[in-house]
Amino acid sequence: INLIAPAESLYELYWRAVLEVSLTGAFLTCHVFGASMLAAGRGCIVNIASITGAEMGTPGRAAYAASKAGLVGLTRVLGIEWAGRGVRVNAIEPGPVRTPMVERAIADGILDEGEIVDRIPAGRLAEPDDIARAVLLLASDEASFVNGQTLVVDGGYLAYGASRPASR
């Protein structure tokens, strides 16, 4: 979830709601499933963080950024705590993804799709399947020695640094 508002206008209730879902919810999920995996001596968890918070700041997203940066920290700690017991924990940091939340923000005029796509060298928003394939990669045997890490999946958004639009 997300609530876009300047930090000084963000009610504590909304702050807590975003952190409860995005960070506490992820911790509790890892806690429950991690216990079963630890008992079995094997398993893999892939958390969904974001480039917002973990890699960059975005105005109006204080709670969201804090929750996602916290999730990256949680991923690292669980990854190192559980590695020796056969459980890997990693995270994906997606860039802009065409989700219902993003679609609503575009429809409401909060986000300008053209401006976002102009910053993405791949020339489009990610689709949920793009993120799912990255999750499958991290969960696969091919990534069996990857632990406590985050994988940025953003079509080059963070890497792009020129002043002209990337997608033209």
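Just above sits the structure.
One numbering rule holds for all chains: residues counted from 1, following each sequence as written. Where local features are concerned, this predicted model is filtered to residues with pLDDT of at least 70; where side-chain atom pairs are given and counted, the filter is 80 or more; whole-chain, interface and lining totals use all residues. Think of the side-chain values as coming from all heavy atoms in the structure, minus any hydrogens and water.

Asker: Teacher, can you tell me more about the pairing of strand β2 (residues 87–94) here?
Answerer: A regular strand places its side chains on the two faces of the sheet in alternate fashion. Only protein chains enter the accessibility calculation, which uses a 1.4 Å probe; a residue whose area is less than 20% of its type maximum is buried, one above 50% is exposed, and one in between is partly exposed. Numbered from the N terminus, helices here are DSSP runs of H or I no shorter than four residues, and strands are runs of E no shorter than two. Here β2 lies mainly inside the structure; eight of its eight residues are buried. Burial along β2 is two-sided: V87, V89, A91 and E93 and R88, N90, I92 and P94, pointing in opposite directions, are all buried. Here six bridges tie strand β1 (residues 43–48) to β2, and the two strands are oriented parallel to one another. Each bridged residue has a counterpart across the sheet, and for N47 the counterpart in β2 is A91. Sheet topology places β2 next to strand β3 (residues 150–153); four bridges connect them, and they run parallel. Bridge pairing in β3 places I92 opposite L151. Two strands pair if DSSP finds at least two bridges between them.

Asker: Mind showing me how you'd approach a nonpolar patch on the surface here?
Answerer: Candidate patch residues must exceed 30% relative accessible area and have no salt bridge, after which like charges are joined if within 9 Å and Val, Leu, Ile, Met, Phe, Trp or Tyr side chains if within 5 Å. Surface exposure here means Shrake-Rupley accessible area, sampled with a 1.4 Å probe, where a residue is shielded only by the protein chains that are shown. Definition used for salt bridges: Asp or Glu carboxyl oxygen within 4 Å of a side-chain nitrogen of Lys or Arg. Residues Y11, L13 and Y14 make up a contiguous nonpolar surface patch of roughly 380 Å² in combined accessible area. Within the secondary structure, Y11 sits in the segment before α1 (12–40). Judged by its relative accessible area of 57%, Y11 falls in the exposed class.

Asker: What should I look at first to understand helix α3 (residues 62–82) in this one?
Answerer: Owing to its 3.6 residues per turn, the α-helix aligns residues three or four sequence positions apart on the same side. The terminal C-alpha atoms of α3, which comprises 21 residues, lie 30 Å apart, in line with the 30 Å expected from a rise of 1.5 Å per residue. Those residues of α3 that fall on the buried side of the exposure criterion are A63, Y64, A65, S67, K68, L71, V72, L74, T75, L78, G79 and W82. The contact criterion used throughout is that any non-hydrogen atoms of two residues lie within 4.5 Å. Looking at the packing, one finds that the buried side of α3 touches α1, β1, α2 (51–54), β2, α4 (100–107) and β3. Every helix has an expected span of 1.5 Å times one less than the residues it contains.

Asker: Help me understand the environment of A66, please; the structure alone is not making it clear to me.
Answerer: For A66, the location among the structural elements is in helix α3. Overall, the relative accessible area of 31% leaves A66 in the partly exposed class. Put simply, A66 and V18 are 48 residues apart on the chain and 9.3 Å apart in space, counted from C-alpha to C-alpha.

Asker: I keep staring at the pattern of salt bridges and nothing clicks. Help me out?
Answerer: Working definition: two side chains of opposite charge can pair if their charged atoms are close together. In this structure the tally under the stated criterion is six salt bridges. Across the pair R98 and E113 runs a salt bridge, and its minimum N-O distance is 2.4 Å. Remark: E113 occurs in helix α5 (residues 113–118) and R98 occurs in the loop between β2 and α4; sequence separation between them is 15 residues. Residue class for E113 comes out partly exposed when judged on its relative accessible area of 26%. Between D130 and R133 there is a salt bridge; the shortest N-O distance is 2.7 Å. Of this pair, D130 and R133 both sit in helix α6 (residues 128–139), three residues apart, which is roughly one turn of that helix. Because the salt bridges share partners, they merge into one network encompassing R98, E103, E113 and E127.

Asker: Would you take a moment to explain the packing of α1 against α3 for this structure?
Answerer: Between two packed helices, both the angle of their axes relative to each other and the distance between the axes serve to describe the pair. The axes used here are C-alpha line fits, helices contributing only the stretch in contact, and every angle between their N-to-C directions lies in the interval 0 to 180 degrees. For the pair α1 and α3, the least separation of the axes is 8 Å and the interaxial angle reads 15°. Relative to α3, the element α1 is oriented roughly parallel. In terms of crossing hand, the pair formed by α1 and α3 is right-handed. Contacts between α1 and α3 involve W15, V18, L19, S22, L23, A26, F27, C30, G34 and L38 on the former and, on the latter, A62, A63, Y64, A66, S67, K68, G70, L71, L74, L78 and W82. Partitioning the contact of α1 with α3 into residue classes produces 16 nonpolar, four polar and one charged. An angle counts as roughly parallel when it lies under 35 degrees, as roughly antiparallel when it exceeds 145, as roughly perpendicular when it falls between 65 and 115, and as oblique in every other case. Helix crossings fall into two classes, left-handed where the near helix is turned counterclockwise from the far one by less than a right angle and right-handed where it is turned clockwise. For this classification, the nonpolar set comprises Ala, Val, Leu, Ile, Met, Phe, Trp, Tyr, Cys and Pro, the charged set comprises Asp, Glu, Lys and Arg, and every other residue, Gly included, is treated as polar.

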